[in-house]
Amino acid sequence: KALIPMTPAGATLFDPALGTGAIELPTLMMTAGRDLTLPNEREGDPLWRNVSAEGSLRVDLTEAGHFTYSDACSVPGDLIQGDGCGADNLELPRAHQLINAYALAFLRKHLLDDTSGEALLTGAESIEPDLTLSVGHAP
C-alpha cells in the first residue's frame, strides 16, 4: 500500500516511464544530501523527478550520507566512515529519530488512515532544520 525507498539506486537502469514513473503507490523517498555512494545528482534527483503517485513525499536529510540510513556505521574500521558516519554528518541517533518519525507518520497515513502526523508530512511542523521536504509531482 506504500513504499519507502531509502537512498535508492537505479536511475540509469530504467526508462522513466517504466521506473519510478510507473509506481502507483504513495512513495516516501528518503535521500541524503551528502550521499557519496549514490549521490542525489545521479540517483535521488532523477528518480524523484519521475515520481507521480498521489501522496508521495521526498525527505532529504541534507547533512546525512548513504550509510546514515542503516546501522552500518557501527561496523568497526573506517571503510564507510566518509559516507554518513563521520563527525561532519548528522548524528546517527538524531538521524534515525527523523527517519523513524517520517516513516511512521507516512505509514500511519497510508496504511491506517491516521492523519495525526499530517503536519510533519506537509512541513507545517518542522522537527529538523537540515531537512528538505518535496511533495510528489507529475513528470
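Located above this text is the structure these notes cover.
Residues numbered from 1 in each chain as written. Predicted model: local features only at pLDDT ≥ 70, side-chain atom pairs only at ≥ 80, totals over all residues. Heavy atoms only, no water.

Participant: Could you give me a rundown of helix H2 (residues 92–112), with the residues and numbers involved?
Facilitator: The terminal C-alpha atoms of H2, which comprises 21 residues, lie 28 Å apart, in line with the 30 Å expected from a rise of 1.5 Å per residue. Lining the buried residues of H2 we find strand E1 (28–32), strand E2 (57–61), helix H3 (118–122) and strand E3 (131–135). The positive-phi residue at the C-terminal boundary of H2 is aspartate 113, with phi of around 55°. (Helix = DSSP H or I, 4+ residues; strand = E, 2+ residues; numbered from the N terminus. Expected span 1.5 Å × (residues − 1). Contact = heavy atoms within 4.5 Å.)

Participant: Break down the state of the cysteines for me, with residues and values.
Facilitator: The final tally for this structure, using the stated rule, is one disulfide. Cysteine 73 shares a disulfide with cysteine 85; S-S distance 1.9 Å. Handedness of the cysteine 73-cysteine 85 disulfide follows from its S-S torsion of about -75°: it is left-handed. Here cysteine 85 lies in the loop between E2 and H2 and cysteine 73 lies in the loop between E2 and H2, a separation of 12 residues in the sequence. Residue classification places cysteine 73 among the buried residues on the basis of a relative accessible area of 14%. (Disulfide = S-S within 2.5 Å. Buried < 20%, exposed > 50% of the residue type's maximum accessible area, 1.4 Å probe, protein only.)

Participant: Can you tell me about the environment of proline 46, naming the residues and giving the values?
Facilitator: With respect to the helices, strands and loops of the structure, proline 46 is situated in helix H1 (residues 44–49). Proline 46 has contacts with Ala11, Asn40 and Glu41, leaving out every residue within four places of it along the chain.

Participant: Pulling in residues and values, what's your account of the side chain of asparagine 40?
Facilitator: Here asparagine 40 shows up in the loop between E1 and H1. Among the polar contacts made by the side chain of asparagine 40, one reaches the side chain of arginine 58 at a distance of 3.2 Å. Excluding residues within four positions of it along the chain, asparagine 40 makes contact with Thr31, Ala32, Gly33, Asp45, Pro46, Arg58 and Asp60. (Polar contact = N/O pair within 3.5 Å; in protein donor to acceptor, adjacent residues only side chain to side chain.)

Participant: How would you summarise the pairing of E1 if you had to cite specific residues and measurements?
Facilitator: Burial runs high along E1: five of the five residues are buried. Of the two faces of E1, the one carrying Leu28, Met30 and Ala32 and the one carrying Met29 and Thr31 are both buried. Where E1 meets E2, five bridges bridge the pair, whose relative direction is parallel. Bridge pairing in E2 places threonine 31 opposite aspartate 60. Handedness of the crossover joining E1 and E2 through H1 is recorded here as right-handed. (Pairing = 2+ DSSP bridges. Right-handed = clockwise from strand over helix to strand, strands pointing away.)

Participant: Let's hear about the pairing of E2: which residues, and what values?
Facilitator: Extensive coverage of E2 is indicated by the burial of five of its five residues. Where burial is concerned, the two faces of E2 agree: the one with Leu57, Val59 and Leu61 and the one with Arg58 and Asp60 are both buried. Here E2 pairs with E3 via five bridges, running antiparallel. Considered in E3, the bridge of leucine 57 is made with valine 135.

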